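# Inside the fold
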Amino acid sequence: DNRPSIQPWYKDIDGYWKDWYSTSPTSSSWDWYRDSNQRNLMWAARDRGATFEFFANAPMWWMTSEKSSAGGALQSWNRRDFARYLASVVQYTHANWGVSVASLSPFNEPSAGWWTYPKDQEGVNLSTSVQKEILGYLREELNSRGLSGVTIASSDENTMTQALSTYNYFKGQSVVVNGVNTNVASLVGKVNVHSYNGQAPWRDNTARQNLKTSVGSKRLWVSEYGDGEGGGMTLAQTITEDLTYLRPTAWVYWQPVEPYSAWGLVNGTYGNAADETSPTRAQPAWTYYKYYVFAQFTRFLRPGYKIIGNNDHNSVAAYDSTSKKLVLITVNYGNAQNIVYDLTSLGQITGTSAAVTATNTNGSKLLFSSSVPVGGKKFTLNAEANTIYSTVVSGVTL
C-alpha cells in the first residue's frame, strides 16, 4: 500500500483482501484476522442490540491507480473486484462472525471531487456512470452468495444537492443485472446522504425537501455529519432541520470520539504518533458541551418513535404509542422567551405535568431536569437563550 506520509497512524485501516492473486476468500490472498479491534467493537455493539450497515471508505489499495486507498482512481478492470470484495466481506461476516448485516454502502462521497492522492483519509472519486456499473455488479455478487436480503445503500454524497443529482441520474438509468435490464435506482434500497449542507453558508432546506420528494417512500438516512463547534448549537440546528425537512429514519454522527478536535463529542488521546503505543491510548481527555446537546436528542427520541408534524421548524415532535409519551425537542437560539405549547389538537392528555431536560450551549446547564404543569392541553416553557429543551408529556393519545 502506497500510504502517504500525511496519513496518521490511526487512519491506516487494514482491509481483508491483501492482493490480486486470488479471488478465493479461503486463499492466502485474504487475511480475516486483520483489524481485530474493529471486530471486537462490532461484537460489543451487536451485544447491545445494534443494527449493522457496512460501508467502504475506499477500495483496497491495489485496485487504484495510485496503489493507495488514500486517493487515486479505481481502475476500470477492478470495478467488479471491488463489488466482489464487499460482498465477500458481508458473506464472511454472516457465516463466521455471528453478525447479520442489514445493508451495505459501497461509496463514500464519490462525487465530491477531492479524493486525489495523497489524502490523509481514505476515499475515491467515482462518476455516476461508474457508480451505476458497480451497483449492478454488487447486486449480482450479493445475490450469488445468497445475500439477496442485504439492502444496498447509496451514495453517501457529501451534500443534499449532490445526493439529489446522483439519485435522479440513477432513476433515469438502467444496468444489466443477471441478464435483466434493471433500473439503477431500484437497486438502491435505502438512500444515504451526508448533511454538510447543515454548515454555514450552505444551509439549504429546499434541497433537503427536494431530495425527500425524489426518494419518495424509500428509506433515507443521514449517514454522516460532523462539525467543529464545541458548544453544540450548530449540531442541534442541523439535526432539527434534517428531521423537519429531510425526514430521515436514522441520523448518524460521524465519529463520537476524535483526537483534539471538537469534531468529536469527546476527545481521545490518539492524535500523536506516540499515542499508538501509549498505555493511555484513546482514553477520554475532554468532553464538549455538544455531547450533552446530542444526548438531548438520543436519550429522548428513541428507536421506534414516530416523528409527527408540528408548526415550529425549531422543534421536533415524536410519539411512542407503547408508552403513550409525546416528546418535544426545541432549540431556542439567541433570545430568552416564553414558549407556549398548544396540544389541543391531540385526542387526550392525562398527565398533569411534563418532564423537562435542558442543556445550555455555554455549559451552565447540562441535562438539567425540571418539570412544568400541563393544563387544558397546554404548557409553557420559560426558555433561556441558546438552550435545547427535551420535554416528555405522558398519558397522550393522538
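In this report, the structure presented in the accompanying data block is examined. (Residues numbered from 1 in each chain as written. Predicted model: local features only at pLDDT ≥ 70, side-chain atom pairs only at ≥ 80, totals over all residues. Heavy atoms only, no water.)

### A few points about the overall build of the protein
Scanning the protein for helices and strands turns up eight helices and 21 strands. For the protein, whose C-alpha radius of gyration is 23 Å, the value lies close to the compact-globule estimate of 21 Å for 398 residues. If you line up the protein on its principal axes, its C-alpha atoms span 70 × 55 × 40 Å. Residues counted as buried form 50% of the 398 residues belonging to the protein. The long-range share in the protein, meaning contacts at least 24 apart out of those at least 6 apart in sequence, stands at 66%. Accessible area for the protein stands at about 18,000 Å²; split by element, carbon and sulfur atoms hold 49% of it. (Helix = DSSP H or I, 4+ residues; strand = E, 2+ residues; numbered from the N terminus. Rg over C-alpha atoms; globule rule 2.2 N^0.38 Å. Buried < 20%, exposed > 50% of the residue type's maximum accessible area, 1.4 Å probe, protein only. Contact = heavy atoms within 4.5 Å. Areas by Shrake-Rupley, 256 points an atom, 1.4 Å probe, with all protein chains shown as cover.)

### Quick word on the sheet that holds strand β7 (residues 219-224)
Spatially, the six strands line up as an open sheet ordered β1-β2-β3-β6-β7-β8, and their pairing is parallel. Strands at the two margins of the open sheet, each flanked by one partner only, are β1 (52-55) and β8 (250-251). Note that β7 and β8 share two bridges and pair parallel. Opposite Val222, over in β8, you have Trp251 as the bridge partner. Its contacts with the sheet place helix α2 (residues 79-96) against β1 and β2 (101-105), and it is angled at close to 165 degrees to β2. (Pairing = 2+ DSSP bridges. Axes fitted to C-alpha atoms, helices over the stretch in contact; angles between N-to-C directions.)

### Brief notes about the packing of helix α7 (residues 233-246) against helix α8 (residues 289-298)
Two quantities define a packed helix pair, namely the angle between the axes and the distance from one axis to the other. Contact geometry for α7 and α8: axes closest at 9 Å, N-to-C directions at 25 degrees. With respect to α8, the axis of α7 lies roughly parallel. Every pair of crossing elements has a handedness; the one defined by α7 and α8 is right-handed. Across the interface between the two elements, Leu235, Ala236, Ile239 and Thr240 of α7 pack against Lys290, Val293, Phe294 and Phe297 of α8. Here the residues of the contact of α7 with α8 sort into six nonpolar, one polar and one charged. (Parallel < 35°, antiparallel > 145°, perpendicular 65-115°, else oblique. Left-handed = near helix turned anticlockwise from the far one by under 90°. Nonpolar A, V, L, I, M, F, W, Y, C, P; charged D, E, K, R; others polar.)

### Some points on the nonpolar core
In this structure, Tyr85 and Leu211 are the most contacted members of the largest nonpolar core, which totals 76 residues. Element by element, the count of residues in this core is highest for α2, at seven residues. Beyond its immediate sequence surroundings of up to four residues, Leu211 is in contact with Met160, Ala163, Leu164, Val193, Leu220 and Leu246. One finds Leu328, Ile339, Val356 and Val393 within the second-largest nonpolar core, a separate group that totals 21 residues. (Core = buried A, V, L, I, M, F, W, Y, C linked by side-chain atoms within 4.5 Å.)

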